[in-house]
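Okay, here's what each chain looks like letter by letter:
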Amino acid sequence: MTNTNTIVSEICAERGITCDSYSHGYILRLTKGDQVRRLYGNYWDLNSATADRLACDKCGCYTLLNASGIPAIPHTLVYNAITRGDWAGEEGTLQTALTYFEKHHRRIVVKPNHGTQGRDVYLCETPLALEKALMTIFAHAPDAALSPYVEIGMEYRVFYLAGRAYFMYGKARGDSWKHNLADGATAFELTAESADALLQAELATLATRAAQCIGINFASIDIAHLTDGSLTIVEINSGVMAVRLLAQLPHLRPTIKNMYAEALDLLFAPD
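Since this is a predicted model, take the numbers as computed values, not measurements.

The rules we used
Residue numbers restart at each chain and count upward from 1, following the sequence in its written direction. Restriction of local features to residues with pLDDT of at least 70 applies here, the model being predicted, together with a cutoff of 80 or more for giving and counting side-chain atom pairs; totals for whole chains, interfaces and linings are based on all residues. For the side-chain quantities, the full set of heavy atoms in the structure was used; hydrogens and water were omitted. To sort residues, take the accessible area from a 1.4 Å probe on protein chains only and compare it with the maximum for the residue type: under 20% means buried, over 50% means exposed, and anything in between is partly exposed. Numbering goes from the N terminus for both helices and strands, where a helix is a DSSP run of H or I of at least four residues and a strand is a run of E of at least two. What the arc covers is the set of directions going from the helix axis to the C-beta atoms. Take a side-chain nitrogen of Lys or Arg and a carboxyl oxygen of Asp or Glu: if they are within 4 Å of each other, that pair is a salt bridge. Paired strands, as defined in this entry, are two strands with at least two bridges between them according to DSSP. The nonpolar core is taken to be a set of buried Ala, Val, Leu, Ile, Met, Phe, Trp, Tyr and Cys residues, with the residues joined through side-chain atoms within 4.5 Å. Only heavy atoms matter for contacts: two residues are in contact if any of them lie within 4.5 Å across the pair.

Student: Could you clarify how one ought to interpret helix 4 (residues 93-103) in this entry?
Tutor: One turn of an α-helix holds 3.6 residues; hence residues three or four places apart share an orientation. When helix 4 is considered as a whole, its buried residues turn out to be Thr93, Ala97, Tyr100 and Phe101. Viewed end-on, helix 4 has its buried residues packed into an arc of 105°, placing them on one side of the element. Within two residues after helix 4, His105 carries a phi angle of roughly 60°, on the positive side.

Student: I'm lost on the pattern of salt bridges in this one. Help?
Tutor: A side chain of one charge can pair with a side chain of the opposite charge if their charged atoms are brought near each other. The tally for this structure, following the rule as stated, stands at 14 salt bridges. Ionic pairing is found between Asp20 and Arg29, a salt bridge with its closest N-O pair at 3.6 Å. Salt bridges linked by common partners bring Glu10, Glu14, Arg253 and Lys257 together as one network.

Student: Would you explain the pairing of strand 13 (residues 231-237) in this entry?
Tutor: Looking along a regular strand, one sees the side chains alternate between the two faces of the sheet. Here strand 13 lies mainly inside the structure; 7 of its 7 residues are buried. Examined bridge by bridge, strand 12 (residues 218-226) and strand 13 share 6 bridges and lie antiparallel to one another. If you follow His225 over to strand 13, its bridge partner there is Leu231. What sits between the antiparallel neighbours strand 12 and strand 13 is a turn of 4 residues, in which Gly229 has the positive phi angle 95°.

Student: Sorry if this is basic, but what is going on with the nonpolar core here?
Tutor: The tendency in soluble globular proteins is for nonpolar side chains to be buried as a group. Grouped together as the largest cluster of nonpolar side chains are 33 residues, with contacts concentrated most on Trp44, Leu245 and Tyr260. Secondary-structure elements contributing two or more residues to this core are helix 1 (3-15), strand 2 (27-32), strand 9 (152-161), strand 10 (164-172), helix 7 (243-248) and helix 8 (253-267). The element that contributes the greatest number of residues to this core is helix 8, accounting for 7 residues. In contact with Trp44, other than residues within four places in its own chain, are Val8, Arg38, Leu39, Phe218, Tyr260, Ala263, Leu264 and Leu267. Judged by nonpolar contacts, the second largest core, of 27 residues, contains Tyr160, Ala210, Ile214 and Ile216.

Student: Would you take a moment to explain the environment of Leu94 for this structure?
Tutor: Tracing the sequence through the fold places Leu94 in helix 4. In sequence terms Leu94 and Ala81 are 13 residues apart; their C-alpha atoms lie 8.6 Å from each other. In this structure, Leu94 is in contact with Glu131 and Leu134, ignoring residues within four places of it in sequence.

Take a look at the structure:
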C-alpha cells in the first residue's frame, strides 16, 4: 500500500469501515453497513466526474478561472498533429507553438495538458527545445499546454476540503526551476514564524475561490507567489497526494490523517 492508503486503512479500522485493497493497493473499496465507497490512487469519491476532468484539464481549467476573474497562469492548448490533425488548425501545431514562443519573449513552459506530478514539463528557450518538447509529449499525449514563463518567488500547496482550505505548506525549489517535491523542492510548514497571517488568509481565499469555480470538493491547489508580490493559481489537482510531503515532514502525519478522516466522514455521510 502507498503511504496515503496506509493512513486510510488505519482510519477505517478505527471507524469500523471494511477496507478491501486491490491492484497492489491502488484501488480501495470501503464498506460501512450498506454504503460502499471507493478510492482510486489519490482520487476520492468526493468529486464529481466533471470537477475531476476540469481539474485535470489545465487549459480548460484556466479558461474557467480566467472567465471568473480568478488570477491564474495562462495555459493555451495545442493539438498532436498526428492523432488530432483535424483540430490543429491551418497554421499547424508547430507553427502555432512557435508563434506563441515568439509572442512570449522566447521563454515558455510546455507540458502535457493532462499531466501530473511534474512529468514532461519543459522550459523552452530555443525553437529546437520547443520542438523536442512537443515531440516528447506527443509520443504519448493527444495535446499539450503552453504557458508563458513567469518568475515565481515561492510556490504553495493548499489542501482544500468541503468548502475550506484545510492545510497549506510551502515548496522552496532546489537546483531545478520547478517547485515539485519530486524534482528536489523542499517542503516547509506555514507557521506563525514562517509566514504572516495575511499571506495565509490570502492563500486560503484564493484556493477557495478556485475550487468553487470548478465545483470541486477535495483537491490540492498550487499557488504561485510571484516576484511582483501577487498570488496566482498554477493548477488544481483533483488527486490529493501527501506521500512526498510526509517523507520530508513526517511530523505532519497526524494533520494529514485528520484531513483524510474528515474526508472519509464526508464519504459516509447520510445520503
